[in-house]
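One-letter residues, chain by chain:
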Amino acid sequence: MSGTEAAANSTYSFRDHTTGKPTTTYSSAMSSPFDIKTFKFDTPQFDPRFPHVNQTKHCAQNYVDYHKCVAVKGEDFEPCQIFWKTFTSLCPVDWVERWDDQREAGKFPVKIE
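Below or above, wherever it landed, is the structure these notes cover. From a predicted model like this one, the values you see are computed outputs, not experimental measurements.

## Details of the pattern of salt bridges
Part 1 of the reasoning: What the rule picks out here adds up to one salt bridge.
Part 2 of the reasoning: Here R103 makes a salt bridge to D100, at a shortest N to O gap of 3.4 Å. You can see R103 and its partner D100 sitting in helix α4 (residues 93-105), three residues apart, about one turn around the helix.

## A look at the packing of aromatic side chains
Part 1 of the reasoning: In this structure the tally under the stated criterion is six aromatic pairs.
Part 2 of the reasoning: Here the aromatic rings of Y63 and F87 are separated by 5.1 Å at their centres, their planes lie at 80 degrees, and the arrangement is edge-to-face. Within this pair, whereas Y63 is found in helix α2 (residues 56-73), its partner F87 is found in helix α3 (residues 80-90), the two being separated by 24 residues in sequence.
Part 3 of the reasoning: With a relative accessible area of 0%, Y63 lands in the buried category.
Part 4 of the reasoning: Judged by relative accessible area, F87 falls into the buried class, the value being 4%.
Part 5 of the reasoning: Here the aromatic rings of W99 and F108 are separated by 6.5 Å at their centres, their planes lie at 70 degrees, and the arrangement is edge-to-face.

The rules we used
Residues numbered from 1 in each chain as written. Predicted model: local features only at pLDDT ≥ 70, side-chain atom pairs only at ≥ 80, totals over all residues. Heavy atoms only, no water. Salt bridge = Lys/Arg side-chain N within 4 Å of Asp/Glu carboxyl O. Helix = DSSP H or I, 4+ residues; strand = E, 2+ residues; numbered from the N terminus. Phe/Tyr/Trp six-rings, centres within 6.5 Å; stacked < 30°, edge-to-face > 60°. Buried < 20%, exposed > 50% of the residue type's maximum accessible area, 1.4 Å probe, protein only.

Structure follows, in structure tokens:
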């Protein structure tokens, strides 16, 4: 097996840093969840309202701004997508799921409509 073939069939395992147990295994021979040729890694732009390292408030504010924008302008309104890209990049998935559940139950602490 050549070096190129070996690299193409590499397997990567990720371990939990506290327990040392394997959590995820990814093989480069497996199909990727995105198209590698067209994938563009994009990070949120600087927001002067949140100049510090801790981006928790930046995450939460963009989640709220996105849902307020969608409520007023609709999901197809292009500027709303900036908020979506920012909160999906900054916010942990668990938080977003919890906030979505709270919004559906009418218990989200911020009035969005």
